[in-house]
Amino acid sequence: MILVTVDVNKIFLNMTCTECTCAALTVGAVGWNCVTSNNTCQLISNYSASDFHWEKITNGSFRFTTFPPEPSTTTSMSTSTPTTSTSTSTTSSSTTTTAFTFQWNSTGNTVAGSATGIPNATASQLNQPYILKFDSSNALYISDSINNRIQRWIIGNSNGSTIAGLASGISGSSSNTLKLPVGLALDSLDNMYVSDKGNNRIMYWQSGASSGTLVAGTGSIGNANNQFNEPNVIECDPSTGSTVVAGGNGAGTGLNQLYSPYGFTFDSSTNSLIIANYHNHNVVRWVIGASTWTILAGSTSGTSGSSSILLNQP
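Residues numbered from 1 in each chain as written. Predicted model: local features only at pLDDT ≥ 70, side-chain atom pairs only at ≥ 80, totals over all residues. Heavy atoms only, no water.

Draft legend 1. Representation of the overall build of the protein within the structure. Tallying secondary structure elements over the protein gives one helix and 19 strands in all. Residue pairs in contact within the protein that sit at least 24 positions apart in sequence constitute 38% of those at least 6 positions apart. Just so you have it, the protein exposes about 17,900 Å², and 52% of that area is on carbon and sulfur atoms. (Helix = DSSP H or I, 4+ residues; strand = E, 2+ residues; numbered from the N terminus. Contact = heavy atoms within 4.5 Å. Areas by Shrake-Rupley, 256 points an atom, 1.4 Å probe, with all protein chains shown as cover.)

Draft legend 2. Region of the structure containing the environment of P261. Position of P261 relative to the elements: it lies in strand β16 (residues 261-267). For P261 and N280, which are 19 residues apart along the polypeptide, the C-alpha to C-alpha distance reads 8.7 Å. Excluding anything up to four places from it in sequence, P261 contacts N232, I275, A276, N277 and Y278.

Draft legend 3. View of the sheet that holds strand β10 (residues 149-153). Here four strands make up an open sheet; going across it, the order is β8-β9-β10-β11 and the pairing antiparallel. Looking at strand neighbours, the two that pair on one side only are β8 (129-134) and β11 (161-165), the edges of this open sheet. Neighbour to neighbour, the strand axes of the sheet diverge by 25 degrees on average, direction disregarded. Sheet topology note: the strand β9 (residues 140-144)/β10 ladder contains five bridges and is antiparallel. When the sheet's bridge partners are listed, L140 is paired in β10 with W153. (Pairing = 2+ DSSP bridges. Axes fitted to C-alpha atoms, helices over the stretch in contact; angles between N-to-C directions.)

Draft legend 4. Fine view of the environment of T36. Of note, T36 is situated in the loop between β2 (31-35) and β3 (40-44). Through-space distance from the C-alpha of T36 to that of T16 is 7.2 Å; in sequence the pair is 20 residues apart.

Draft legend 5. Region of the structure containing the sheet that holds strand β13 (residues 192-196). The strand order β12-β13-β14-β15 describes an open sheet built from four strands, whose pairing is antiparallel. Either end of the sheet is taken by a strand with one partner, and the two such strands are β12 (181-186) and β15 (213-217). Strand-to-strand twist of the sheet, defined as the mean angle between neighbouring strand axes without regard to direction, takes the value 25 degrees.

Draft legend 6. Spatial organisation of the packing of aromatic side chains. As enumerated under the stated definition, the model contains two aromatic pairs in all. Centre to centre, the rings of Y193 and Y204 are 5.0 Å apart; their planes meet at 55 degrees, and the pair counts as tilted. In this pair, Y193 sits in strand β13 while Y204 sits in strand β14 (residues 201-205), placing the two residues 11 residues apart along the sequence. Classification of Y193 as partly exposed rests on a relative accessible area of 24%. With 4.0 Å between their ring centres and 10 degrees between their planes, Y262 and Y278 make a pair best called stacked. Of this pair, Y262 sits in strand β16 while Y278 sits in the loop between β17 (272-277) and β18 (282-287); the two residues are 16 residues apart in sequence, bridging distant segments of the chain. Looking at Y278, the relative accessible area reads 16%, which means it is buried. (Phe/Tyr/Trp six-rings, centres within 6.5 Å; stacked < 30°, edge-to-face > 60°. Buried < 20%, exposed > 50% of the residue type's maximum accessible area, 1.4 Å probe, protein only.)

Draft legend 7. Molecular detail of the side chain of N147. Looking at where N147 falls in the secondary structure, it is placed in the loop between β9 and β10. Residue N147 is classed as buried on the basis of its relative accessible area, which comes to 5%. A distance of 2.8 Å separates the side chain of N147 from the backbone oxygen of N120, its partner in a polar contact. For N147, the residues in contact, after removing those within four places along its chain, are N120, A121, Q125, L126, N127, L166 and G169. (Polar contact = N/O pair within 3.5 Å; in protein donor to acceptor, adjacent residues only side chain to side chain.)

Draft legend 8. Quick look at the pairing of β3. Pairing of β2 with β3, which is carried by five bridges, proceeds in the antiparallel orientation. Pairing of N33 across the sheet is with Q42, part of β3. In sequence, β2 turns back onto β3 through a hairpin of four residues, with N39 there showing a positive phi of about 55 degrees.

Draft legend 9. Layout of the pairing of strand β19 (residues 294-298). Bridge count between β18 and β19: four bridges; the pairing is antiparallel. Along β19, the bridge assignment pairs R285 with T294.

Put into structure tokens, the structure is as follows:
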């Protein structure tokens, strides 16, 4: 499985800090960053000096594969011309730089679901997949929302297997069924937390279990501290209990309000949540413990638009 983006800065997943350092030294990177919390390695290197695939083989070994060379550039040249009999000279230089163009491969490979995009509830198809996660073996966990199930898909296989909900795609509110599951999170043992949106609850699914356990919400819609109103994306933080950390002041455009937050991620460097504030058409930062947010992208007043400074339902 190739785990690299083609760019001047390379991002690798599932690489330990030791492997990251080894890779950086091997290819002569000018710098590197290692994030231990999610095993992500960033190599900063000169494209023309070395560009490569980093591939992790199933037996635990690693290998490099060289990319084709980049486009050529015009290098600088200097000339020196004597101007007097005393050997005084003047030097002129000219440099022409060619901008490199980097882009994603225009041809993608279908690794899960129908290559033609046809939705269905068979083992080889999906219907509005929402969130993707990798487990400890690099298999994909997919919240197959309209099919009311969570699918586990081994890369290279033509079919997925249902690990939560019913394989038939039928919805329900029992301990072994789901209704419009969207968000999911995995812990270090591949136990799974599912945001069961249609049932207004969060379910815990132990790895290999045939049914889940209610861990948050009551299953009924509401705004009490023990209830949810169509929960979406979730993250797993074992050190946090049930506490309102953002919003909680009704829907609105105020600095202490959110309006249909659809997704978020935790920024450990600033101890804050980055929130896609869907109906307010903006992305905001909410520092844990703060009572208000600060704007990151879009309009503070909730104005939507298609210009370079506005968003529309992120």
